[in-house]
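This is what each chain is made of:
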Amino acid sequence: MEGGNLGYKQTRADSDLPKTASTTHFYTFLVAAIDIGTTYSGYAFSFSHDFKENPTKISVKHWLSSTSNLVSEKTPTCVLFDQNDEPHAFGYEAEEVFTEISQEDPEEAKKWSMFRRFKMQLYNNVQINKDFRLVATNGNTLPASTVFAASIRFMKDAILEDCNNQCSGMIKMDDIAWVLTVPAIWSDPAKKFMRVAAEKAGINSRRLTLALEPEAAALFVRHIPCEKPKIEAKDLCNDADKDVSSAPNSRRMTNKVTNIEKSIGPRYDVATSGGDDVTPGIEHSNVEVQTIQGTPARHGTMESEQNSLQKGMIVKMGSDVKYMVIDAGGGTIDIAVHEMKGDRIREIYMASGGNWGGTDVDEAFREFLVELVSPNVTGLKDESVVEGRQILEKFERDFGDDDLDLKRDFEVKKRGMKEALKSKIRIKIPPSLVDTFGELNPNIKMKEIDPKQFGGRAQIVRDKLHIDPPVVSSFFQEPLGRIVEHLELIFSKPELEGTDKILLVGGFARSPLLVSAIKKAFPEKVVIVPTEAEVAVLKGAVLFGHNPDIFCERISRYTYGVRCEGQFIEEIHPQEFKYVDRKGIEWCHNLFDIHVKAGDIIRIGEPQAIRAYQPSTFVTDGVFNFSVFATKTESPMFVTENGVHKAGQVTLKIPPEDVDYDSDIIVSFTFSGTEIKAVAQYAKTGLKEQSYIGYCE
């Protein structure tokens, strides 16, 4: 019988029980962060001495695609296993090796396993266990922990190589504080799964911290240049409060240095994008600015703030400023709302979001391709006709290199898509796609693009697909609509009153259509897009690793508690939960004893409700398993209710000779970081065990 069936007995008040929480700090030579994203992954690191002098001095790996001459700060999230199920390559290299094998020997390729975009398998997953497996592109399967661990190991090994190239001595694993990023909206089992995978990859759990992605991004945005709507100088002078986001004839900022700019000092080297002007720093209502040519700038007005930003000054966030962070990635949208409290940060609304990322746009384009290669079966009765979805799937299997080129081409077009774009989008259609159609459907023509569906705005001209901008924009319609709808819901909450800044980060944040949709929906908000939006989470995770105590409060997303027994009450408890102990006392099984409620403010580093329990079940081996449960319901009564899931457990192994059924076992939850620790202590001997909440056995 599981030792988690314990009779609840609170022998002392919470305040009288020992607070066992503690935070362990190790000497760290450098901090290294790994970001396994849905579509792209990367890593960054910085040395401790560099962080003290300049926190933004962070090294980021630049990845190279040998076939397309692409150089990027992230690489595709795909890992390749060989015919012996051993990890072979990651990222661009994995794509290129697998494509080459598929072209040269298709039968051999069937023995290999390529895993792409597998991170989304953890989204909303609260039932992770040792049987959890992932499916490769060719149908092969491997344990999910093996796939994730291999990805992390590739990153870890590359980091060690890069770091040692920058140092004269040999850097060891214990010299590094490791940070692994995870979405804030993930379940505790998913977070714990990532920790287990990192351990499997060779990272010491005691040296590992999980960083919530929007929190990490917020730390980085405090230090770097940000994009703002186009603003003309005359508009700033005449009407600082005027909405000038669509002002005509706005000019791109240049690197020309004026006399005023020279007096400010070093400037950031920033790259503009999409015609928007670029200004450094995060603005706020109580502006703290430097001196220009010996004259203090004005404080506390929007005009002075905008002028300061226009001149390229660094504007810092002061205390009590509220802001929203939207991490728009490939798979999910991760949203957090913070408030500055002195030099620390508190969460003021629980993390939220959904699976409305950039991959939704990719999927819409894929559905468009399905229609494109569908056969024209008007008047045909031949049941042997192969439909468009099967044609596209065969093309993806047999012509991996062409499929890869097609997807990369669309990715470039997708990122440059704007509302004001007038010219058609041109995407090259691989001849192999047309050949695949002909092979499967000889003597049948491809279906012409339905003019009613796209208003005649898409056509094939020779080997290129010409699509009018409104058609491509339609691919964005569903995810953008869901994002805006969710933001409207959040901004309606009273806790968000006064939150007038939106920090938009992540790969999807570079989409002008997404930025435009948010600006239109919330014209009164200031939308800030970092110039390094794609790596904001990654670099912010490095900053978090150097200063993990910067967050002082978070909001609990779940109600947490343990399964226990309580005295049976006839009018309340169901008969099937009734249990009579050896003393003849009636107890009720499966009670949900609440420690933390959803929406509670959690002080970081402090244990929450501390409860004393006594075992009601005879345990011969002295092993007591406390089952931890979670639910979004505020006040559950039983652990068997709908929406309640097992979030983890903590095991206390008491020597059989020390087992005393009248001695307390003290249980508490400690929010000492981005994860939750469950701590169990045997009062009789002081024996203590702890475990991160998360169930992946």
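Every chain is numbered on its own, with residues counted from 1 as its sequence reads. Since the coordinates come from a predicted model, pLDDT governs what is reported: local features require at least 70, and pairs of side-chain atoms require 80 or more to be given and counted, while whole-chain, interface and lining totals use all residues. Each side-chain value is worked out from all heavy atoms of the structure, with water and hydrogens disregarded.

S.K.: Describe the packing of aromatic side chains, with residues and values.
M.R.: Here a Phe, Tyr or Trp ring, Trp counted by its six-membered ring, pairs with any other such ring whose centre lies within 6.5 Å, and the pair is stacked when the planes are under 30 degrees apart, edge-to-face when over 60, and tilted otherwise. Counting across every chain of the model gives 21 aromatic pairs. An angle of 80 degrees between the planes, with centres 6.4 Å apart, marks the rings of tyrosine 560 and phenylalanine 669 as edge-to-face. With tyrosine 560 in strand β28 (residues 559–567) and phenylalanine 669 in strand β35 (residues 665–670), this pair connects stretches of sequence that are 109 residues apart. Side by side, tyrosine 560 and phenylalanine 669 carry an identical accessibility label, which is buried. Ring pairs connect the aromatic residues Phe118, Phe132, Phe148 and Phe193, which therefore count as one cluster. Comment: the charge-over-ring label is applied if NZ (Lys) or CZ (Arg) is within 6 Å of the ring centre and within 35 degrees of the ring normal. Here the guanidinium or amino end of lysine 61 rests over the ring plane of tryptophan 63, the centre of that ring lying 5.2 Å away. Between lysine 119 and the ring centre of tryptophan 186, over which it is positioned, the NZ or CZ distance is 5.5 Å. What counts as a helix is a DSSP run of H or I of at least four residues, what counts as a strand is a run of E of at least two, and both are numbered from the N terminus. The buried label applies to any residue whose accessible area, calculated with a 1.4 Å probe on protein chains only, is under 20% of its type's maximum; exposed applies above 50%, and partly exposed to all values in between.

S.K.: Now, about the sheet that holds strand β9 (residues 87–90): what can you tell me, with residues and values included?
M.R.: Here three strands make up an open sheet; going across it, the order is β9-β8-β10 and the pairing antiparallel. Both outer strands of the open sheet, β9 and β10 (113–116), are each paired with one neighbouring strand and no more. Shown here is a sheet whose adjacent strand axes are inclined to one another by a mean of 20 degrees, direction ignored. If DSSP finds at least two bridges between two strands, the strands pair. Helix axes are fitted only over the stretch in contact, all axes being lines through C-alpha atoms; the angle between N-to-C directions runs from 0 to 180 degrees.

S.K.: Got a sec to walk through the pairing of strand β14 (residues 208–212)? Specific residues and values, please.
M.R.: Of all five residues that make up β14, four are buried, and the element is covered over most of its length. As paired strands, strand β13 (residues 176–182) and β14 are joined by five bridges and run parallel to one another. Along β14, the bridge assignment pairs valine 179 with threonine 209.

S.K.: I'd like a rundown of unusual backbone geometry, residues and numbers included.
M.R.: Even without being glycine, aspartate 85 reaches a positive phi, approximately 60 degrees. Its location among the elements puts aspartate 85 in the loop between β8 (78–81) and β9. The partly exposed category is assigned to aspartate 85, whose relative accessible area is 37%. Unlike most non-glycine residues, asparagine 590 shows phi in positive territory, near 60 degrees. Classification of asparagine 590 as buried rests on a relative accessible area of 15%.

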